[in-house]
Amino acid sequence: MKKEYFFRMLFYLLGLLFLAFGLTLNTVTGLGVSAIISVSHTVSLILNLQIGDTTFFLYALFVLAEILIHVHIAGKRGKAGLRKAIILDILQLPLSLAFTRVMNVFQAILPMLSETEGVFSTFPARFIILLVAIAFTGIGAAMSLDMKIVPNPGDGLVGACSELFRKEVGLMKNIIDLVNITLSLFLSFIFIGYPESVGIGTIAAVIGVGRVISVFNRHMLGRMQKLSGVNQ
């Protein structure tokens, strides 16, 4: 049993590490950031703050929205499971704090490729690195979600909204991504004058991350479940 707990936590923490790395790597390509953090990235540019700090504030808003949704659902459909749901919502705050500190570390380490000289500043090289970022993001999201511990607030909000509106999770994720992109574009044009955070990398991430999750789970989910003792 201890061995299963060890692997469960190992996969979960590695997943979060890969996810933070993938999201940050996506931003340094200069081709647009992941949809879920496009708003926080735009705000970080406007206020000259680290993206990890603005992402934590955004995640805190996500958690508040989740709590309100779960309370609303409990009022309409009964209070079964409300306490557990709120506890899981609140636990996303310390998770978000740690997660966004790791993002800040990666941001400090990774150079902005569009501002460097040499081969890595070229579009083909940055696009290849973008694909690597999407792979890390998808694998990280799959590993952390598959372990069923505490979801990151982005996924938590998708799940809560899916339950509230009784829509399929994939469709609700697309809707929330679209809302984030739209708000990011609005803030960019108002305060910056051009869409700094949204670009081909954003669209590629919207399309590619889900595909990576699907492929990864097809080949690796069974093995991870066997080692961690987590069942679907």
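See above for the structure.
Described in the following lines is the structure provided in the data block. (Residues numbered from 1 in each chain as written. Predicted model: local features only at pLDDT ≥ 70, side-chain atom pairs only at ≥ 80, totals over all residues. Heavy atoms only, no water.)

A few words now on the overall build of the protein. Within the protein one finds 8 helices and 0 strands. Secondary structure elements in the protein, listed N-terminal to C-terminal, are α-α-α-α-α-α-α-α. The dimensions of the protein, computed from C-alpha atoms along their principal axes, are 55 × 40 × 30 Å. The buried share of the protein, taken over its 232 residues, is 44%. Taking all contacts inside the protein whose residues are at least 6 apart in sequence as the whole, residues at least 24 apart take part in 78%. Accessible surface for the protein amounts to roughly 12,200 Å². Of this, 70% is attributable to carbon and sulfur atoms. (Helix = DSSP H or I, 4+ residues; strand = E, 2+ residues; numbered from the N terminus. Buried < 20%, exposed > 50% of the residue type's maximum accessible area, 1.4 Å probe, protein only. Contact = heavy atoms within 4.5 Å. Areas by Shrake-Rupley, 256 points an atom, 1.4 Å probe, with all protein chains shown as cover.)

Relative to the assigned elements, T42 resides in helix α2 (residues 38-47). There is a polar contact of 2.8 Å between the side chain of T42 and the backbone oxygen of S38. With residues up to four places along the chain from it excluded, the contact list for T42 reads S184, L187, S188, I192 and S197. (Polar contact = N/O pair within 3.5 Å; in protein donor to acceptor, adjacent residues only side chain to side chain.)

Okay, the pattern of salt bridges next. In total, this model carries 2 salt bridges according to the counting rule given. We note a salt bridge from R101 to D53, for which the minimum N-O separation is 2.7 Å. One end of the pair, R101, is in helix α4 (residues 82-109); the other, D53, is in helix α3 (residues 51-77), with 48 residues separating them in the sequence. The exposure class assigned to D53 is partly exposed, which follows from its relative accessible area of 31%. Between D177 and K173 there is a salt bridge; the shortest N-O distance is 3.4 Å. Within this pair, D177 and its partner K173 are both found in helix α7 (residues 169-191), separated by 4 residues, close to a single helical turn. For K173, a relative accessible area of 33% gives the class partly exposed. (Salt bridge = Lys/Arg side-chain N within 4 Å of Asp/Glu carboxyl O.)

Our focus in this paragraph is helix α1 (residues 2-28). Between the first and last C-alpha of α1 there are 39 Å, a value that for 27 residues agrees with the 39 Å anticipated at 1.5 Å per step. Trailing α1 by a residue or two, G30 shows a phi angle of about 75°, which is positive. (Expected span 1.5 Å × (residues − 1).)

Turning to its location among the elements, F106 is positioned in helix α4. We classify F106 as buried; its relative accessible area is 17%. Separated by 85 residues in the primary sequence, F106 and F21 place their C-alpha atoms 6.6 Å from one another.

To describe a pair of aromatic rings, you give the distance between the ring centres and the angle between the ring planes. As enumerated under the stated definition, the model contains 8 aromatic pairs in all. Judged by centre distance (6.3 Å) and plane angle (35°), the ring pair of Y59 and F99 falls under tilted. With Y59 in helix α3 and F99 in helix α4, this residue pair connects regions lying 40 residues apart in the sequence. Its relative accessible area of 5% is what places F99 among the buried residues. Each member of the aromatic cluster is reached from another via a ring pair, and the members are F18, F21, F106 and F136. (Phe/Tyr/Trp six-rings, centres within 6.5 Å; stacked < 30°, edge-to-face > 60°.)

This next bit is on α2. Owing to its 3.6 residues per turn, the α-helix brings residues three or four apart onto one side. Residues of α2 that are buried: S38, V39, S40, H41, T42 and S44. The first or second residue beyond α2 is N48, which carries a positive phi of 60°.

On the surface, a nonpolar cluster with roughly 440 Å² of combined accessible area is contributed by L183, F186, I190 and F191. Mapped onto the fold, F186 is located in helix α7. (Patch = residues over 30% accessible without salt bridge, like charges linked within 9 Å, V, L, I, M, F, W, Y side chains within 5 Å.)

One non-glycine residue, K148, adopts positive backbone phi at about 50°. Looking at where K148 falls in the secondary structure, it is placed in the loop between α5 (123-146) and α6 (153-165). Backbone geometry places R166, a non-glycine residue, at a positive phi of 55°. Among the secondary structure elements, R166 is positioned in the loop between α6 and α7.

It is worth stressing that arrangement in space is one thing and function is another; only the former is reported here.
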